[in-house]
Amino acid sequence: MKKKIRTINVGEKKYVFMINNKYNHGANEVSLSVSVKELKNKTCSFHFHTWDDPITGSPLLVGFHLKKKATGNIENFNLHYPRIVKHFILYGLENGWNGANRIVFNDGLEILSELGYDVLPLKP
């Protein structure tokens, strides 16, 4: 069985993150929670609402081909990839999270769009 809590280094700090998902009648709710390793109760959380495939599961967790808007290149997107989690940590740090406070971003697909991805195929 895999560990639920994983660690990642961004800059000089160590962070821990956890990904959870919940199925709800053909829709999927995925959450990514990140915290500084020493302050595990001060999280930066991202919530995503997507469709769900009964066989393959959530597109965000099994890998899904998303187009980068600026270049038109197709990228295999998966929330389990550390480079993707790093983008969300940096986004949180740039938008009000400092590691010592709690913050919640309820529209993760909008954040993906701000990061340059075409998220239309992920909308339920």
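Since the model is a prediction, treat every value here as computed from it, not as a measurement.

Visitor: Where do I start with the overall build of the chain in this structure?
Guide: The number of helices and strands found in the chain is 3 helices and 7 strands. Going from N to C terminus, the chain has its helices and strands arranged as β-β-β-β-α-β-β-α-β-α. For the chain, whose C-alpha radius of gyration is 14 Å, the value lies close to the compact-globule estimate of 14 Å for 124 residues. Over its C-alpha atoms, taken along the principal directions, the chain stretches across nearly 35 × 35 × 25 Å. Across the 124 residues that make up the chain, the buried fraction comes to 39%. A separation of at least 24 residues holds for 47% of the contacts in the chain among residues at least 6 apart in sequence. Total accessible area computed for the chain in this model is approximately 7300 Å², and 53% of it derives from carbon and sulfur atoms. The positive charge centre, built from 17 side chains, and the negative charge centre, built from 11, are 9 Å apart in the chain.

Visitor: Quick question: what am I supposed to make of the packing of aromatic side chains here?
Guide: The geometry of an aromatic ring pair comes down to the distance between the two centres and the angle between the two planes. If you walk through the whole model with that rule in mind, you get 8 aromatic pairs. Between F46 and F88, the aromatic rings sit 5.0 Å apart at their centres with planes inclined by 65°, giving edge-to-face as the arrangement. Of this pair, F46 sits in strand β4 (residues 44-51) while F88 sits in helix α2 (residues 82-94), and the two are 42 residues apart along the sequence. The same class applies to F46 and to F88, which are both buried. Ring centres of F77 and Y117 lie 5.4 Å apart, and the angle between their planes is 70°; on these two criteria the pair is classed as edge-to-face. Separated by 40 residues along the polypeptide, F77 in strand β6 (residues 74-77) and Y117 in the segment after α3 (108-114) bring together distant segments of the chain. Grouping residues by exposure puts F77 and Y117 together as buried.

Visitor: Explain the side chain of N78 here, please?
Guide: Looking at the secondary structure, you find N78 in the loop between β6 and α2. You can call N78 buried: its relative accessible area is 8%. Within polar-contact distance, the side chain of N78 engages the backbone oxygen of L61 at 3.4 Å. If we ignore the near neighbours within four places in the chain, the residues touching N78 are L60, L61, V62, G63 and I84.

Visitor: Explain the confidence of the model for the chain here, please?
Guide: It should be kept in mind that the predicted coordinates are not to be read in detail where pLDDT is low. Mean pLDDT over the chain works out to 91, with 98% of the residues at or above the 70 mark. Within the chain, no element has a lower average pLDDT than helix α1 (residues 59-62), which sits at 91, and none a higher one than strand β7 (residues 103-105), at 97.

Visitor: I would appreciate a short explanation of the sheet that holds β7 in the present structure.
Guide: Overall, mixed pairing links the 5 strands, which are arranged β1-β2-β3-β4-β7 in an open sheet. Bordering the open sheet on either side are β1 (5-10) and β7, each of which pairs with just one other strand. Neighbour-to-neighbour, the strand axes of the sheet open up by a mean angle of 25°, direction not taken into account. Of the pairings in the sheet, the one linking strand β3 (residues 27-36) to β4 comprises 8 bridges and is antiparallel in character. Paired with S31 across the bridge in β4 is H47.

What counts, and where the lines are drawn
- Here the residue numbering is sequential within each chain, running from 1 through the sequence in written order.
- Totals for whole chains, interfaces and linings use every residue, but because this is a predicted model, local features are given only for residues with pLDDT of at least 70 and side-chain atom pairs only at 80 or more, for both listing and counting.
- Think of the side-chain values as coming from all heavy atoms in the structure, minus any hydrogens and water.
- Helix numbers and strand numbers start at the N terminus; a helix is a DSSP run of H or I with at least 4 residues, a strand a run of E with at least 2.
- Each radius of gyration reported is based on C-alpha atoms, and the globular scaling rule is 2.2 Å times the count of residues to the power 0.38.
- To sort residues, take the accessible area from a 1.4 Å probe on protein chains only and compare it with the maximum for the residue type: under 20% means buried, over 50% means exposed, and anything in between is partly exposed.
- Only heavy atoms enter the contact rule, under which two residues are in contact if any of them lie within 4.5 Å.
- Accessible areas in this description were obtained via Shrake-Rupley with a 1.4 Å probe; residue shielding takes into account the shown protein chains only.
- A residue counts as positive if it is Lys or Arg and as negative if it is Asp or Glu; His and the chain ends are not included.
- Working definition for charges: the position is that of NZ of Lys, CZ of Arg, CG of Asp or CD of Glu.
- Note on aromatic contacts: the rings of Phe and Tyr and the six-membered ring of Trp form a pair at centre separations within 6.5 Å, being stacked when their planes are under 30 degrees apart, edge-to-face when over 60 apart, and tilted otherwise.
- Here a polar contact is taken to be a pair of N or O atoms separated by no more than 3.5 Å, where protein atoms must pair a possible hydrogen donor with a possible acceptor and residues adjacent in sequence count only if both atoms sit in side chains.
- As a per-residue quantity, pLDDT reports the predictor's confidence and falls between 0 and 100.
- Strand pairing is assigned whenever DSSP detects at least two bridges linking the two strands.
- All axes here are fitted lines through C-alpha atoms, helices being fitted over the stretch that makes contact, and every angle between N-to-C directions spans 0 to 180 degrees.

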